Amino acid sequence: MLSKRIIAVARGRGILRTQHLQDASRLLNRARMAQFHSSRLLQAETIKVPQMAESISEGTLKTWLKQVGDTVTADEEVATIETDKIDVSVNAPQAGTIVKLLANEEDTVTVGQDLFVLEAGEVSREAPPKEEKPPAETEAKPKPTEPSAPKPPTPSVSEKKAEVPKPKEEQKPKKVEKETAPAPPKPVAGSRNETRVKMNRMRLRIAERLKESQNAAASLTTFNEVDMSALVAMRKKYKTSILDEHGVKLGFMSFFARASALALKEIPAANASIEGEEIVYRDYVDLSVAVATPKGLVTPVVRNAESMGLIEIEKEIAALGAKARAGKLGLEDMAGGTFTISNGGVFGSLYGTPIINLPQAAVLGMHAINDRPVAVNGQVVIRPIMIVALTYDHRILDGREAVTFLVKLKQYLEDPAKMLLTV
């Protein structure tokens, strides 16, 4: 009996020791997991909506380019925020993994708002190894055969003869009732669907500014004709050599920009603006060039166009146009501007009255070039003619100044050598 008690006590102590070891192991694992999670929390960083500009405090979260679980490198674009002026890219400040998205697409977000959570860590751009799938089973498993039902006994010949067909009952013809309901309307050919699309912030801002211009400015438009013969010949002669030497196509916009800058120096009121009760005159020309983009019309600015040559202007316009179509324009590219040129001729426009881009005083509209019969030295000849339009704010410019500006522009364009010789 004593020996049995000793054995039982020893076994009990062994069980207790094993239980204590298991409890200690569980506590150690919990501590390790807590340490792991706390280290992950310490590495995670909440990324906020960045500063966009002094005049912009909110925007619309247009697109998430990354989702939860995606890895990013430092300075990689994660989201795009649309404002009423530009699209702002939100980039990852460091390499890591997206842990959580704190806003949905089309939400309005403000500067400083929490946007997403990034867990820092080195990111490997090597493609993960593809998992080998097990080969498909080629041998089809035999399907269990279902027991077939017993076939009914076939009747004998004598039984078939015994069966006599019954005579068919005569069916009385039913009376056809006349339909009194009206005939349904014939379907209309073609689709009748309607689609409602929310206006983006840039389009809303454009609409607001255009209406503001119509309400605020005393707008008036004057027209003139330009014989483009000399300009077309000059462009045809030099466009290939300029493309080979400078890598830029020589277009008509650079000639109009240069001629406008020279005419604005002679008519400074067309380059001025109203601020309160004062008129601000400028000795420099910052040309706003209208560029059509999928989101709307934008007007990037060519700074100090009065000091540029034709090739310099062409290069700057090409660079700004490429940035505009790619949606990469910044506020610094569109801020300011003292005079605007809009070229509706690239779309085939023959006449038009452009709208002033406030607070500017005037806007020049270019149109399509068409061959027309004109009188030259008493003879009717065919010449390439462009109609140009100047919409001006009559609060600043009088009719005499506006017409004189267009006449000066016409003279420079019809004799390009004159604008190249003028400083």
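As the structure is a prediction and not an experimental result, all values here were calculated from the model.

Thresholds applied
Residues numbered from 1 in each chain as written. Predicted model: local features only at pLDDT ≥ 70, side-chain atom pairs only at ≥ 80, totals over all residues. Heavy atoms only, no water. Helix = DSSP H or I, 4+ residues; strand = E, 2+ residues; numbered from the N terminus. Expected span 1.5 Å × (residues − 1). Buried < 20%, exposed > 50% of the residue type's maximum accessible area, 1.4 Å probe, protein only. Arc of directions from axis to C-beta. Contact = heavy atoms within 4.5 Å. Polar contact = N/O pair within 3.5 Å; in protein donor to acceptor, adjacent residues only side chain to side chain. pLDDT = per-residue confidence, 0-100. Pairing = 2+ DSSP bridges. Axes fitted to C-alpha atoms, helices over the stretch in contact; angles between N-to-C directions. Parallel < 35°, antiparallel > 145°, perpendicular 65-115°, else oblique. Left-handed = near helix turned anticlockwise from the far one by under 90°. Phe/Tyr/Trp six-rings, centres within 6.5 Å; stacked < 30°, edge-to-face > 60°. Lys NZ or Arg CZ within 6 Å of the ring centre and 35° of its normal. Patch = residues over 30% accessible without salt bridge, like charges linked within 9 Å, V, L, I, M, F, W, Y side chains within 5 Å. Areas by Shrake-Rupley, 256 points an atom, 1.4 Å probe, with all protein chains shown as cover. Salt bridge = Lys/Arg side-chain N within 4 Å of Asp/Glu carboxyl O.

1. Some details on helix α3 (residues 201-216)
Note: α-helices contain 3.6 residues per turn, so residues at a spacing of three or four share the same orientation.
Thinking step 1. With 16 residues, α3 should reach 22 Å at 1.5 Å per residue; the first-to-last C-alpha distance of 22 Å fits that figure.
Thinking step 2. Those residues of α3 lying buried are Arg201, Met202, Ile206 and Ser213. Seen from one end, α3 has its buried residues packed into an arc of 135 degrees, which puts them on one side.
Thinking step 3. Tucked inside the fold, the buried residues of α3 contact β2 (58-64), β4 (77-82), β7 (108-110) and β14 (296-298).
Thinking step 4. The N-cap residue of α3 is Asn200: its side-chain oxygen and the backbone nitrogen of Met202 are 3.2 Å apart.

2. A short note on unusual backbone geometry
Only a minority of non-glycine residues have a phi that is not negative, and only a minority of peptide bonds are not trans.
Thinking step 1. The omega torsion across Leu358 and Pro359 is 5 degrees, close enough to zero to call that bond cis.
Thinking step 2. Structurally, Pro359 is set in the loop between β16 (339-343) and β17 (362-366).
Thinking step 3. The phi angle at Glu106 is positive, at roughly 75 degrees, despite the residue not being glycine.
Thinking step 4. Following the sequence through the fold, Glu106 ends up in the loop between β6 (96-101) and β7.
Thinking step 5. The phi torsion at Asn377 lies on the positive side, around 55 degrees, for a residue other than glycine.
Thinking step 6. The topology assignment puts Asn377 in the loop between β18 (369-376) and β19 (379-393).
Thinking step 7. Note on Asn377: relative accessible area 77%, which makes it exposed.

3. Focus: the confidence of the model for the chain
Thinking step 1. Averaged over all residues, the pLDDT of the chain equals 81, while 74% of them reach at least 70.
Thinking step 2. Taken together, the stretch residues 157-162 has pLDDT below 50 and engages in one contact with residues farther than four places along the chain or on a different chain.

4. Considering the pairing of β19
Thinking step 1. As defined by bridge partners, strand β9 (residues 219-227) adjoins β19 across nine bridges and the pair is classed as antiparallel. Along β19, the bridge assignment pairs Thr222 with Leu390.
Thinking step 2. Here β17 pairs with β19 via four bridges, running antiparallel. Among the inter-strand pairings, Val363 is bridged to a residue of β19, identified as Thr391.
Thinking step 3. Of the pairings in the sheet, the one linking β18 to β19 comprises eight bridges and is antiparallel in character. From the neighbouring strand, Arg372 faces β19, where its bridge partner is Arg383.
Thinking step 4. What sits between the antiparallel neighbours β18 and β19 is a turn of two residues, in which Asn377 has the positive phi angle 55 degrees.

5. So, the sheet that holds β2
Note on sheets: strands pair through backbone hydrogen bonds, and any given pair is parallel or antiparallel.
Thinking step 1. With antiparallel pairing, the four strands of this open sheet are ordered in space as β5-β4-β2-β7. Only two strands of the sheet have a single partner each, and these edge strands are β5 (87-91) and β7. Taken over all neighbouring pairs, the strand axes of this sheet differ in orientation by 45 degrees on average, direction set aside.
Thinking step 2. With four bridges connecting them, β2 and β4 associate as antiparallel partners.

6. Describing the packing of helix α5 (residues 252-266) against helix α8 (residues 399-414)
Thinking step 1. For the pair α5 and α8, interaxial distance at closest approach is 9 Å and the crossing angle is 135 degrees. If you check the angle between α5 and α8, you find them oblique. As for the relative orientation of α5 and α8, their crossing is right-handed in sense. Side by side, α5 and α8 meet where Phe255, Phe256, Ala259, Ser260, Leu262, Ala263, Leu264 and Glu266 of the first sit next to Phe405, Lys408, Leu409, Tyr412 and Leu413 of the second.

7. Observations concerning the packing of aromatic side chains
Thinking step 1. With the rule as written, the count across this model stands at two aromatic pairs.
Thinking step 2. The cationic tip of Arg235 hangs over the ring face of Phe252; the distance from NZ or CZ to the ring centre is 4.9 Å.
Thinking step 3. Above the plane of the ring of Tyr412 lies Lys418, whose end atom (NZ or CZ) is 5.8 Å from the centre.

8. So, a nonpolar patch on the surface
Thinking step 1. A cluster of nonpolar residues, Phe223, Leu350 and Tyr351, forms a patch on the protein surface that exposes about 310 Å² of accessible area.
Thinking step 2. Among the secondary structure elements, Phe223 is positioned in strand β9.
Thinking step 3. Exposure remark for Phe223: the relative accessible area of 42% places this residue in the partly exposed category.

9. Quick word on the sheet that holds strand β3 (residues 71-72)
Thinking step 1. Reading across from one edge, β1-β8-β6-β3 is the order of the four strands in this open sheet, with antiparallel pairing throughout. Whereas interior strands pair on both sides, the edge strands pair on one side only; in this sheet they are β1 (44-48) and β3.
Thinking step 2. Note that β6 and strand β8 (residues 114-120) share five bridges and pair antiparallel. Bridge pairing in β8 places Thr97 opposite Glu119.

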